[in-house]
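Spelled out from the first residue to the last, the chains are:
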Amino acid sequence: MIIAIDGPAGVGKSSVAKTVARELGIYYLNSGNFYRGVTLRVLRNHIDPSDNEACERQASEAVFDVRDGRFYLDGEDVEDKLHTPEIDLNASRISVNPAVRAIVNKRIHELTKKISIIAEGRDMTTVVFPDADFKFFFDAKPEVRAQRRFDQNPEAMPYEQVLSEIIERDTIDRNKPVGGLKIAEDSLYIDTSYLTLNEVCEKVLKTVRLSSKI
Ligand code: DC
């Protein structure tokens, strides 16, 4: 079984997907971590993130793995190193590169072959798993997403800056020539603006359980 979720940054995809994965006993895949992993490698190797060919080389040399819900880059557990403002911004830019996307998608397919998964990102429902059994698109107003991110770490940066970065990342995500954020025709659209994490999880679980007898 494949459950695919797409949506913009800060909409609650990861929290919901993690909970649903635990509830159903299936593998959780955060596709954004692959782009963040490439970005970490690019920055560590002092590569210019706007050098497309060098970024492609970094992506193809990288060894990605996901074990016990943690992301590994070249054998190192980097799960706690992927969420910095520098990686947020550069991952957004590096993930525009179609060659990097092709490498990431190939690795995702290799890792998830023949297992039940819940995968989340920007192009899970449209490009990576177009035949997923269940597809969801989560959405929420930019102001609500910015407020949630701000509340997670109020010291990091002012609310206005969080909001402007979310808006910038939305623009980049929606306008990618390959793998841009789109609502698949057969996705169930959920506006999470005024829903709790539990309410969103319940909607997903109800949809899955109704039609798959889990
Ligand atoms: O979901 P996230 O914020 O952790 O994703 C990190 C970056 O990778 C973000 O800028 C969007 C991009 N991304 C993408 O282009 N395609 C995906 N399937 C997942 C993430």
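Shown above is the structure to which this text applies.
It should be emphasised that the depicted structure is a prediction, and the values quoted were computed from it without experimental measurement.

Before going further, it helps to spend a moment on the sheet that holds strand β2 (residues 27-30). On the basis of which strands lie adjacent, the open sheet formed by five strands has the order β2-β6-β1-β7-β8 and parallel pairing. Edge strands, defined here as strands with exactly one partner in the open sheet, are β2 and β8 (188-191). Adjacent strand axes in the sheet meet at a mean angle of 20° when their direction is disregarded. Looking at chain direction, β2 and strand β6 (residues 117-121) are connected through four bridges and run parallel. Each residue of the ladder has a partner; that of Tyr-27, found in β6, is Ile-117. Packing against the sheet, helix α9 (residues 197-212) makes contact with β1 (2-6), β7 (134-139) and β8, and its axis sits at approximately 165° to β7.

Further remarks concern the nonpolar core. Counting 29 residues, the largest nonpolar core has Phe-34, Val-38, Val-100 and Phe-129 as the members making the most contacts within it. Put simply, the parts of the chain that give this core at least two residues each are α2 (32-44), α3 (52-61), β3 (64-67), β4 (70-73), α4 (85-94), α5 (98-112), β6 and α6 (124-128). Examining the composition of this core, we find that five residues originate from one element, α2, more than from any other. If we skip the residues at most four places from it in the chain, Phe-34 touches Leu-29, Phe-64, Val-66, Phe-71, Val-104, Arg-107, Ile-108 and Leu-111. Listed in part, the 21 residues of the second largest apolar core include Ala-17, Ala-21, Ile-26 and Tyr-28.

Along the polypeptide, Asp-173 turns up in helix α8 (residues 159-174). The class of Asp-173 is buried, set by a relative accessible area of 5%. For the pair formed by Asp-173 and Ile-3, sequence separation is 170 residues and the distance between their alpha carbons is 21 Å. Discounting chain neighbours no more than four positions away, the residues touching Asp-173 are Arg-122, Gly-180 and Leu-181. A distance of 2.8 Å separates polar atoms of two side chains, one belonging to Asp-173 and the other to Arg-122.

Rules used throughout
Residues numbered from 1 in each chain as written. Predicted model: local features only at pLDDT ≥ 70, side-chain atom pairs only at ≥ 80, totals over all residues. Heavy atoms only, no water. Pairing = 2+ DSSP bridges. Helix = DSSP H or I, 4+ residues; strand = E, 2+ residues; numbered from the N terminus. Axes fitted to C-alpha atoms, helices over the stretch in contact; angles between N-to-C directions. Contact = heavy atoms within 4.5 Å. Core = buried A, V, L, I, M, F, W, Y, C linked by side-chain atoms within 4.5 Å. Buried < 20%, exposed > 50% of the residue type's maximum accessible area, 1.4 Å probe, protein only. Polar contact = N/O pair within 3.5 Å; in protein donor to acceptor, adjacent residues only side chain to side chain.

In short, shape yes, function no, at least from these values alone.
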